[in-house]
Amino acid sequence: MAETHVLFVEDDDVIREATQLALERDGFMVTAMPDGLSGLAAFRSDQPDIALLDVMVPGLDGVSLCRRIRDESTVPVIMLSARADSIDVVLGLEAGADDYVTKPFDGAVLVARIRAVLRRFGHAGRPAGEPGGQERADSRGVLSFGDVEIDTEGMEVRRGGDPVALTPTEMRLLLEFSSAPGTVLSRDTLLERVWDYGWGGDTRVVDVHVQRLRTKIGQDRIDTVRGFGYKLKA
């Protein structure tokens, strides 16, 4: 099995070298860069499987680098931030990051989060045998909600007949909603099912991704149920 290639952009020499060694011990191939511009060049030349981006790096900051990567690719991105309550976290998620880890981090936690992201990117569709959604699919495996169509076999989404570009995380989120239209799904439920969190996570990850999904499929398609969660309009 080919090694998973990680692009790691971090300007702190000690953190960069120690994290690279830890990831390599866990079987990852790592390209480590000290700034955003060299990180972007490495991303374009090496085509890594996943990118770990520190928010505060020189040349091209991590949020801007994430936007550049997302303009070109749906490769998973995890942001690293030293301040859990910082606006940097939200900015990174809004730029297209799939998850974030707060520094200082435990190496085992970082590896677990990387593997969780890679699992859902490798399985963007619904696992075989999991219930939900199919009762609304037509003979082509297409679910329809207003002007939104979800091709559950081809993993494609159209709105008003036009294709909608979703990241794998956004696709999994939409599939969760479409599996139970009209049913309220809590943030904790979505964290567990979409982000594969077996522990408590920051619900801002869910909120930002729901907002990103709304901008693509229509602001009125997903309702907020205050104090409970979200639901897809049936």
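Throughout this document, residue positions are counted from 1 along each chain, in the order its sequence is written. Since the coordinates come from a predicted model, pLDDT governs what is reported: local features require at least 70, and pairs of side-chain atoms require 80 or more to be given and counted, while whole-chain, interface and lining totals use all residues. Hydrogens are left out, water is left out, and the side-chain values use all remaining heavy atoms of the structure.

*Asks:* Outline the confidence of the model for the chain, supporting the account with residue identities and numerical values.
*Replies:* pLDDT measures the predictor's confidence residue by residue and takes values from 0 up to 100. Scored by pLDDT, the chain comes out at a mean of 87, with 88% of its residues at no less than 70. By definition in these notes, contact holds between two residues if any of their heavy atoms fall within 4.5 Å. Here residues 123-135 scores under 50 on pLDDT; set against residues more than four positions off or in separate chains, the count is 23 contacts.

*Asks:* Hey, could you go over the nonpolar core for me, with residue numbers and the actual values?
*Replies:* Definition used in this section: a nonpolar core is a set of buried Ala, Val, Leu, Ile, Met, Phe, Trp, Tyr and Cys residues joined via side-chain atoms within 4.5 Å. Only protein chains enter the accessibility calculation, which uses a 1.4 Å probe; a residue whose area is less than 20% of its type maximum is buried, one above 50% is exposed, and one in between is partly exposed. Ranked by size, the top nonpolar core spans 50 residues in total, and within it L53, M79 and F177 carry the most contacts. Looking at this core element by element, the count peaks at six residues for helix 8 (residues 204-217). Excluding residues that lie within four positions of it along the chain, F177 makes contacts with L185, L190, V210, L213, I222, Y230, K231 and L232. Labels follow the DSSP assignment, with helices taken as runs of H or I lasting at least four residues and strands as runs of E lasting at least two, numbered in each case from the N terminus.

*Asks:* Requested: an account of the pattern of salt bridges, with residues and values cited.
*Replies:* Every case where a carboxyl oxygen of Asp or Glu lies within 4 Å of a side-chain nitrogen of Lys or Arg is listed as a salt bridge. In this structure the tally under the stated criterion is 16 salt bridges. Between E72 and R44 there is a salt bridge, with the nearest N and O atoms lying 2.6 Å from each other. Remark: R44 occurs in helix 2 (residues 36-46) and E72 occurs in helix 3 (residues 62-72); sequence separation between them is 28 residues. Given a relative accessible area of 43%, E72 falls into the partly exposed group. Taking the shortest distance from any N to any O, the salt bridge between D196 and R119 comes out at 2.3 Å. Taken together, the residues span a long stretch of sequence, with D196 in the loop between helix 7 (187-194) and helix 8 and R119 in helix 5 (residues 107-122) at a distance of 77 residues. The exposure class of R119 is partly exposed, given its relative accessible area of 44%. Sharing partners across several salt bridges, the network here consists of E10, D54 and K103.

*Asks:* Lay out the environment of V206 with the relevant residues and their values.
*Replies:* Inspection of the secondary structure assignment puts V206 in helix 8. Note: C-alpha distance between V206 and D99 (107 residues apart in sequence) is 9.6 Å. Residues contacting V206, with those up to four places away along its chain left out, are R187, L190, L191, W195 and Y230.

*Asks:* Explain the packing of helix 6 (residues 168-179) against helix 8 residue by residue, including any values.
*Replies:* Across the interface, helix 6 lies against helix 8 with an axial gap of 10 Å and an inter-helix angle of 85°. Comparing their axes, helix 8 and helix 6 come out roughly perpendicular. Between helix 6 and helix 8, the residues in contact are T169, E170, L173, L174 and F177 and H209, V210, R212, L213, K216 and I217, respectively. Each residue receives one of three labels: charged for Asp, Glu, Lys and Arg, nonpolar for Ala, Val, Leu, Ile, Met, Phe, Trp, Tyr, Cys and Pro, and polar for the others, Gly being one of them. Tallied by class, residues from the contact of helix 6 with helix 8 come to six nonpolar, two polar and three charged. Only the stretch in contact is used when a helix axis is fitted, and all axes are lines through C-alpha atoms; the angle between N-to-C directions ranges over 0 to 180 degrees. Here the word oblique covers every angle except those under 35 degrees (roughly parallel), over 145 (roughly antiparallel) and from 65 to 115 (roughly perpendicular).

*Asks:* Describe the side chain of K103, with residues and values.
*Replies:* Tracing the backbone through its elements, the reader meets K103 in the loop between strand 5 (99-102) and helix 5. Under the rule applied, a polar contact is a pair of N or O atoms within 3.5 Å (in protein, one hydrogen donor and one hydrogen acceptor; residues adjacent in sequence only if both atoms are side-chain atoms). Separated by 3.0 Å, the side chains of K103 and E10 make a polar contact. Beyond its immediate chain neighbours, meaning those up to four positions away, K103 contacts E10, I15, D54, L80, S81 and A82.

*Asks:* Tell me what's going on with the packing of helix 4 (residues 87-94) against helix 8, and back it up with residues and numbers.
*Replies:* Running from amino to carboxyl end, helix 4 crosses helix 8 at an angle of 35°, the nearest separation of the two axes being 9 Å. Between helix 4 and helix 8 lies a crossing of right-handed hand. Judged by residue contacts, V89, V90, L93 and E94 of helix 4 engage R204, V205, V208, H209 and R212 from helix 8. Class assignment of the residues belonging to the contact of helix 4 with helix 8 gives a composition of five nonpolar, one polar and three charged. By convention the crossing between two helices is left-handed if the near helix lies anticlockwise of the far one by an angle smaller than a right angle, and right-handed if it lies clockwise.

*Asks:* How would you summarise the sheet that holds strand 9 (residues 162-164) if you had to cite specific residues and measurements?
*Replies:* Here, a strand pair is defined by DSSP locating no fewer than two bridges between the strands. Taken together, the four strands give an open sheet; going across it, the order is 6-7-8-9, and neighbouring strands pair in antiparallel fashion. What marks the edges here is a single partner per strand, and that holds for strand 6 (142-145) and strand 9. Along the sheet, successive strands turn relative to each other by an average axial angle of 30°, direction set aside. The pairing of strand 6 with strand 7 (residues 148-151) spans four bridges and is antiparallel. Residue pairing in the sheet places V142 in a bridge with D151 of strand 7.

*Asks:* Which residues make up helix 6, and what are the values?
*Replies:* In a regular helix each residue adds 1.5 Å, so twelve residues correspond to 16 Å; helix 6 covers 16 Å between its end C-alpha atoms and thus fits that length. Across the twelve residues that make up helix 6, a large majority, twelve, are buried. Among the residues making up helix 6, those that are buried are P168, T169, E170, M171, R172, L173, L174, L175, E176, F177, S178 and S179. Take the number of residues in a helix, subtract one, and multiply by 1.5 Å to get its expected span.

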